[in-house]
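Summary of the model geometry
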Amino acid sequence: MPATIDTVRDVLIDTLELAHAPGDLADDTELFGALPELDSFGVVALVGALEDRFEITIDDDEFGAELFETVGSLTRFVEAKLATD
């Protein structure tokens, strides 16, 4: 089974249609504010894709700019959700 960060990278690339290879997205790669594709519509699409891929539920009050700060912050959030769901 792939590591969570690998799956998060795949979801980011697929959902936002990024022209990046998975290896281009390191733990400290900035997302929100750094990727033009991650606008308000991109956030909604990304949240939906993460929920589908990981079979988790992300409540509206759980996400903000800090969640989408880096690939690592997003991955840690998903891992925490997987541990509690």
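Here, the structure is the one placed above.
Structural notes, computed from the coordinates. (Residues numbered from 1 in each chain as written. Predicted model: local features only at pLDDT ≥ 70, side-chain atom pairs only at ≥ 80, totals over all residues. Heavy atoms only, no water.)

With respect to the overall build of the protein chain
- The helix and strand inventory of the protein chain stands at three helices and zero strands.
- When its helices and strands are written in sequence order, the protein chain yields α-α-α.
- Computed over the C-alpha atoms, the radius of gyration of the protein chain is 12 Å, within 12% of the 12 Å expected from 2.2 N^0.38 for a compact globule of 85 residues.
- Along the first, second and third principal axes, the C-alpha atoms of the protein chain reach 30 × 30 × 20 Å.
- Within the protein chain, the proportion of its 85 residues that are buried is 40%.
- Look at the contacts in the protein chain between residues 6 or more apart in sequence, and 60% of them connect residues 24 or more apart.
- For the protein chain, the exposed area adds up to about 4,900 Å²; of that, 51% sits on carbon and sulfur atoms. (Helix = DSSP H or I, 4+ residues; strand = E, 2+ residues; numbered from the N terminus. Rg over C-alpha atoms; globule rule 2.2 N^0.38 Å. Buried < 20%, exposed > 50% of the residue type's maximum accessible area, 1.4 Å probe, protein only. Contact = heavy atoms within 4.5 Å. Areas by Shrake-Rupley, 256 points an atom, 1.4 Å probe, with all protein chains shown as cover.)

Section: the packing of helix α1 (residues 4–16) against helix α3 (residues 71–84)
- The N-to-C vectors of α1 and α3 enclose an angle of 115°; their axes lie 9 Å apart at closest approach. The chirality of how α1 crosses α3 is right-handed. Here T4, I5, V8, R9 and L12 of α1 come into contact with α3, specifically with V71, L74, T75, V78, E79 and L82.
- Of the residues that constitute the contact of α1 with α3, the class distribution is seven nonpolar, two polar and two charged. (Axes fitted to C-alpha atoms, helices over the stretch in contact; angles between N-to-C directions. Left-handed = near helix turned anticlockwise from the far one by under 90°. Nonpolar A, V, L, I, M, F, W, Y, C, P; charged D, E, K, R; others polar.)

Details of the side chain of K81
- Among the structural elements, K81 can be located in helix α3.
- On the basis of relative accessible area, K81 is assigned to the buried category, the value being 9%.
- Residue contacts for K81: discarding those within four places in its chain leaves I56, T57 and E62.

Comments concerning the nonpolar core
- L12, L38, L46, L50, F68 and L74 are the most contacted members of the largest nonpolar core, which totals 24 residues.
- Those elements that place two or more of their residues in this core are α1, α2 (40–54) and α3.
- Here this core gets six residues from one element, more than from any other, and that element is α1.
- Sequence-distant contacts of L46, that is, excluding residues within four places in its chain, are made with V11, L12, T15, L38, F68 and L74. (Core = buried A, V, L, I, M, F, W, Y, C linked by side-chain atoms within 4.5 Å.)

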